[in-house]
Amino acid sequence: MYKVDLNSDLGESFGAYTIGLDNEVIAHVSSVNVACGYHAGDPLVMEKTVAAAKAAGVAVGAHPGFPDLMGFGRRNMVVSPKEVKAYVKYQLGALMAFAAAEGIRLQHCKPHGALYNMAGKDMDLALAIAEAIAEVDKNIILLGLANSKMIDAGKQLGLRVANEVFADRAYQADGSLVPRKLPGAVIHDKDEAIARTVRMVTEGKVTAITGEEVEIAAHSICVHGDNPSAVEFVKNIRTQLTARGVEIAPIREIV
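Residues numbered from 1 in each chain as written. Predicted model: local features only at pLDDT ≥ 70, side-chain atom pairs only at ≥ 80, totals over all residues. Heavy atoms only, no water.

### Considerations on the packing of aromatic side chains
Here is step 1 of the chain: Inspection of every chain in the model, using the stated rule, returns three aromatic pairs.
Here is step 2 of the chain: Judged by centre distance (5.4 Å) and plane angle (35°), the rings of Tyr38 and Tyr90 are tilted. Of the two residues, Tyr38 sits in the loop between strand S2 (31-35) and helix H2 (43-56) while Tyr90 sits in helix H3 (residues 81-101), which places them 52 residues apart along the sequence.
Here is step 3 of the chain: Accessibility expressed as a relative area gives 18% for Tyr38, which makes it buried.
Here is step 4 of the chain: You can call Tyr90 exposed: its relative accessible area is 55%.
Here is step 5 of the chain: Plain terms: the ring middles of Tyr116 and Phe166 are 6.2 Å apart, the flat faces sit at 85° to each other, and that makes the pair edge-to-face. Taken together, the residues span a long stretch of sequence, with Tyr116 in helix H4 (residues 113-121) and Phe166 in strand S6 (residues 161-166) at a distance of 50 residues.
Here is step 6 of the chain: In this structure Phe166 comes out as buried when scored by relative accessible area, which is 6%. (Phe/Tyr/Trp six-rings, centres within 6.5 Å; stacked < 30°, edge-to-face > 60°. Helix = DSSP H or I, 4+ residues; strand = E, 2+ residues; numbered from the N terminus. Buried < 20%, exposed > 50% of the residue type's maximum accessible area, 1.4 Å probe, protein only.)

And the structure:
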C-alpha cells in the first residue's frame, strides 16, 4: 500500500484582502501550511485557519517566509543565515501559540517561496532553517523539496524530514523545479499532471523537462487551490490516487 500526504498553502489572506479558497481546499488535503504573517496572513487569519484545520481533522504546519508582504515572499532577499534562523523561530512561535490555543501541535514546517527555493540550494540557509526548528521543537517535521539541501540539513540535525513533490511543476535533471519564468515550468494539462504525480508516488521517478529520468521520493504532494479550477484539480488528484490504491495520510504517518 502506497501512502502520501496532500498539502496546500492556506491562511494567505491579509486584513481586508482575501486570497485563496481555503474553505474549499481544506476538505481535500491531509496537511496545510499556514502563513505566519511575514509574506502573508495576519493574527486573525492565522487563528481562523488553525481552527478550521482542527475542525476538518487536517494536520497543521508552519509556512514561514521572508518579511516581504508586498512581494508575497517570492523575491530573493540578501540575508544572513543568522537572520533566517531568527525569522523562522519568530514565525514558528507565532503559529504555535494559535495551535496551543486549539489544543493541537504543529506537525511540520515548510518554508515559503523565495526562502524555500534559496534554501533548497544553499546549505547554510538550509541549516539555519533546520536549526531553528530543532531549537524550537525537534518533533516538528521539516518539509522541503525532494533531494534538496533542506532535506540534507534536516537529516544532519536529526530532524524527521519529508520530501515534497509538485503536481503541476516541471523538473530539471538535477531534481530542482524549472523556474516559473521559463516555458513549460507549469503543467496546465491536468491529466498529464496527475499521471506524473501517480508515477512519482508509485515508482519514485519523474521525467525531467530535458528528458532524463530523475529518482524522486514523494512523501507529500503540494497542490495549489487558489482558483476554482485548482480546487477541482485537488479533488481529481485525490480521487485518482485513491483509485490506484494510494492512501492519503498526514506527513506524521509517513515519515
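This is not the end of the story, as more comes after the structure.
### Some points on the pairing of S6
Here is step 1 of the chain: Burial of S6 is extensive: six of the six residues sit out of reach of the surface.
Here is step 2 of the chain: Where burial is concerned, the two faces of S6 agree: the one with Val161, Asn163 and Val165 and the one with Ala162, Glu164 and Phe166 are both buried.
Here is step 3 of the chain: Bridge count for strand S5 (residues 141-145) against S6 is four bridges, and the pairing is parallel. Within S6, the position partnered with Leu142 by the bridge is Val161.
Here is step 4 of the chain: A crossover links S5 with its parallel partner S6, the connecting element being helix H6 (residues 149-156), and its sense is right-handed.
Here is step 5 of the chain: Pairing geometry for S6 and strand S9 (residues 220-222), over three bridges, is parallel. Bridge assignment links Phe166 to a residue of S9, and that residue is Cys222. (Pairing = 2+ DSSP bridges. Right-handed = clockwise from strand over helix to strand, strands pointing away.)

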